Amino acid sequence: MDINYSAGQMAFRDEVKSFLAENLPEPISRKVATGKRLTKQDHEQWHAILFRRGWLAVNWPRDFGGPGWNAIERNIFEEEAALAHAPRIIPFGLAMLGPVLQRFGTPQQKDHWLPRILRGDDWWCQGYSEPGAGSDLASVTTSAVRVGDHYVVSGQKTWTTLAQHANMIFCLVRTSREGKPQQGISFLLIDMKSPGVTVRPIVLIDGEAEVNEVFFDNVRIPVENLVGEENGGWTCAKYLLTHERTNIAGLGLARAALQNLKRIAYAETSGETRLIDNPLFASRIASVEIDLMAMATTNLRVVAQAAAGQAPGPESSMLKIKGTVIRQEIDKLTRQAVGPYAAPFLPEFLEESEQADPIGPPHAMPAVQKYFNNRKLSIYGGSSEIQRQIIAKAILEL
Ligand SMILES: Cc1cc2nc3c(=O)[nH]c(=O)nc-3n(C[C@H](O)[C@H](O)[C@H](O)COP(=O)(O)OP(=O)(O)OC[C@H]3O[C@@H](n4cnc5c(N)ncnc54)[C@H](O)[C@@H]3O)c2cc1C
């Protein structure tokens, strides 16, 4: 296994860098770099730019309109995009549903939905979690009862990221209560404009409403929106989760956050000592940077295995935990770097249009927002406790 980049891969990195320099709109990258809120239109604009270049569906095979990259090329692209302050590609249609349809969809479903995902015609969200089913996903109770050529869906999903923008949701629904819980689940595509669908925002600790509750009250969905077999949805669900957990370490995002922290720490402020001259603070930055370098090597090892055709196993759980710890530590240091200005957190200063003088330095409010927002990293995509259990079972054989 070779974990060094080849000359071809280095040339590819240069090509990605120049593409980003020439095509990433400056107002969007400025918002990402300065921690301002992105609008739906910002995401759609970046989606369209990547679509035109053929670099949107990074993990789709060429036959379906992907760039045909291997795991190393994907990794290079994702790292460079984060360092250039590109918005993250919204994963629900492209990284999650797309691969499921390619594997389990009917020819009609593939022909209908995949081009729409690429063109950005639909904004998808993920309806897995429910109030009583998160880590224990097999407990979902939202029911879908077959009546003629429709399913009638009733129940509730929760923590549904960006459902406020979505017109479509893919859901795990219960179609049978017989046998093991996993054997009575189906995978259904639901039009959010259907009568009986209600979306209610959940406001989080950072003041943002990026997650929602979604309610279904006797919602009628045509049977052709079932993906895979009835009661065979668990297979789709598990397949999707393996895709959700790729690039889970968030290496590029961690590097971009560390760059930002160092910029703050090295800044000269008249009459004050630079933060980097405080030996305690400097040693904490050094420590997290060393951890990040070590994680980058592990990440490259896992990516090299994936490029050689081996599916990443429990190593992705190690990367998820380590990536989370590192990013949350960088967020903590960045918040500490703004000192007392972290206390009066006012989310309105994250609006691009906000003209009032910010409280403290301009990076103060974004530092607090990022600190609060990234608490989620240890919860979604499988909590840290669940990842530790996977490691215990699969690596330590406990
Ligand atoms: C910001 C955010 C966005 C999200 N977006 C989406 C989305 O778009 N779509 C979607 O479907 N879901 C989404 N989720 C939901 C997410 O997947 C769940 O929150 C997660 O799976 C945990 O489930 P839970 O919240 O029900 O907590 P629980 O499963 O109830 O867990 C509560 C606590 O108990 C621990 N725990 C649970 N079981 C065990 C165990 N067996 N051993 C040890 N400890 C355990 C957990 O680690 C956690 O600390 C999102 C969550 C967040 C926070």
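Every chain is numbered on its own, with residues counted from 1 as its sequence reads. Per-residue local features are limited, in this predicted model, to residues with pLDDT of at least 70; the limit for side-chain atom pairs, both in listing and counting, is 80 or more; totals at the level of whole chains, interfaces and linings are taken over all residues. Heavy atoms throughout the structure, all of them, feed into the side-chain values; hydrogens and water do not.

Burial classes follow relative accessibility: with a 1.4 Å probe on protein chains only, a residue under 20% of its type's maximum area counts as buried, one over 50% as exposed, and anything between as partly exposed. Elements are defined by DSSP. Helices are runs of H or I of four residues or more, strands are runs of E of two residues or more, and each kind is numbered from the N terminus. A large share of strand β4 (residues 168-174) lies buried, amounting to seven of its seven residues. By the alternation rule, side chains of β4 split into Met168, Phe170, Leu172 and Arg174 and Ile169, Cys171 and Val173, which are all buried. Here, strands pair whenever DSSP counts at least two bridges between them. Pairing geometry for strand β1 (residues 124-127) and β4, over four bridges, is parallel. When the bridges of β4 are listed, Gln126 appears paired with Phe170. Taken together, the seven bridges between β4 and strand β5 (residues 185-191) define a ladder with antiparallel strand orientation. Within β5, the position partnered with Leu172 by the bridge is Phe187.

Let's shift gears to the domain arrangement of the protein chain. Here the bounds of each domain stem from an automatic or database domain assignment. With domains assigned, the protein chain is organised as domain 1 (7-102), domain 2 (123-232) and domain 3 (249-396). In this complex, domain 2 contributes six residues to the contact, which on the side of domain 3 involves nine residues. A simple way to read buried area is as the amount of 1.4 Å-probe accessible surface that goes missing from two parts once joined, with both sides added. Per-residue buried area on domain 2 facing domain 3 is highest for Ile205, Asp206 and Glu210; these three make up 68% of the total on that side. Between N or O atoms, a polar contact is any pair within 3.5 Å; within protein, one atom must be a potential hydrogen donor and the other a potential acceptor, and residues adjacent in sequence are included only when both atoms are from side chains. In this assembly, domain 2 and domain 3 are joined by three residue pairs in polar contact (both at pLDDT 80 or more). Across the side of domain 2 that touches domain 3, the residue classes tally to one nonpolar, two polar and three charged. Contacts: residue pairs with any heavy atoms within 4.5 Å of one another. Only Asp, Glu, Lys and Arg are considered charged in this grouping, and only Ala, Val, Leu, Ile, Met, Phe, Trp, Tyr, Cys and Pro are considered nonpolar; every other residue, Gly among them, is considered polar.

Another aspect to go through is the environment of Ser378. Within the secondary structure, Ser378 is located in the loop between α11 (364-373) and α12 (384-394). Classification of Ser378 by relative accessible area gives partly exposed; the value is 22%. Separated by 261 residues in sequence, Ser378 and Ile117 have C-alpha atoms that sit 29 Å apart. Not counting the four nearest positions on each side in its chain, Ser378 is found in contact with Lys320, Thr324, Gln328, Ser383 and Ser384.

Residues in close proximity to the ligand total 17 residues, the closest being Ser135, Thr161, Ser383, Glu385 and Gln389. In the model, a nitrogen atom of the ligand is placed 2.7 Å from a nitrogen or oxygen of the Ser129 side chain. Between Gln389 and the ligand, the recorded distance is 2.7 Å, taken from a side-chain N or O atom to a nitrogen atom. Here the Shrake-Rupley method, with its probe set to 1.4 Å, supplies the accessible areas, and only the displayed protein chains count as covering residues. For the ligand, the protein covers 67% of the area, taking 970 Å² as the surface of the free molecule. Per-element accounting of the shell around the ligand gives the leading share, three residues, to α12. Along the lines of polarity and charge, the residues of the shell around the ligand split into seven nonpolar, eight polar and two charged. When residues of the shell around the ligand are assigned to domains, at least three fall in each of domain 2 (123-232) and domain 3 (249-396). The criterion for a residue being near a molecule or strand is simple. One of its heavy atoms has to lie within 4 Å of it.

The next point concerns helix α5 (residues 91-104). In this scheme, a helix's expected span is set at 1.5 Å multiplied by one less than its residue total. Compared with an ideal rise of 1.5 Å per residue, which puts 14 residues at 20 Å, α5 spans 18 Å between its outermost C-alpha atoms and is within 8% of the ideal. Two axes enter the definition of the bend at a residue: one is fitted to the seven residues ending there, the other to the seven starting there, and the bend is the angle between them. Roughly 40° is the biggest bend found in α5, and it falls at Leu97, with proline Pro99 one to four residues downstream. Counting buried positions along α5 yields 11 of 14 residues, so the element is predominantly enclosed.

A separate point is the packing of helix α1 (residues 7-23) against helix α3 (residues 40-53). When two helices pack together, their arrangement is given by the angle between the helix axes and by the axis-to-axis distance. Between α1 and α3, whose axes approach to 12 Å, the crossing angle comes to 135°. Classed by the angle they form, the pair α1 and α3 counts as oblique. The crossing of α1 and α3 is right-handed. Contacts from Glu15, Phe19, Leu20 and Asn23 of α1 reach α3 at Trp46, Ile49, Leu50 and Arg53. Only C-alpha atoms enter the line fits that serve as axes; for helices the fit covers just the stretch in contact. Angles between N-to-C directions range over 0 to 180 degrees. Any angle between 65 and 115 degrees counts as roughly perpendicular, while under 35 counts as roughly parallel, over 145 as roughly antiparallel, and the rest as oblique. Here a crossing is taken to be left-handed if its near helix is turned anticlockwise relative to the far helix by less than a right angle, and right-handed if that turn runs clockwise.

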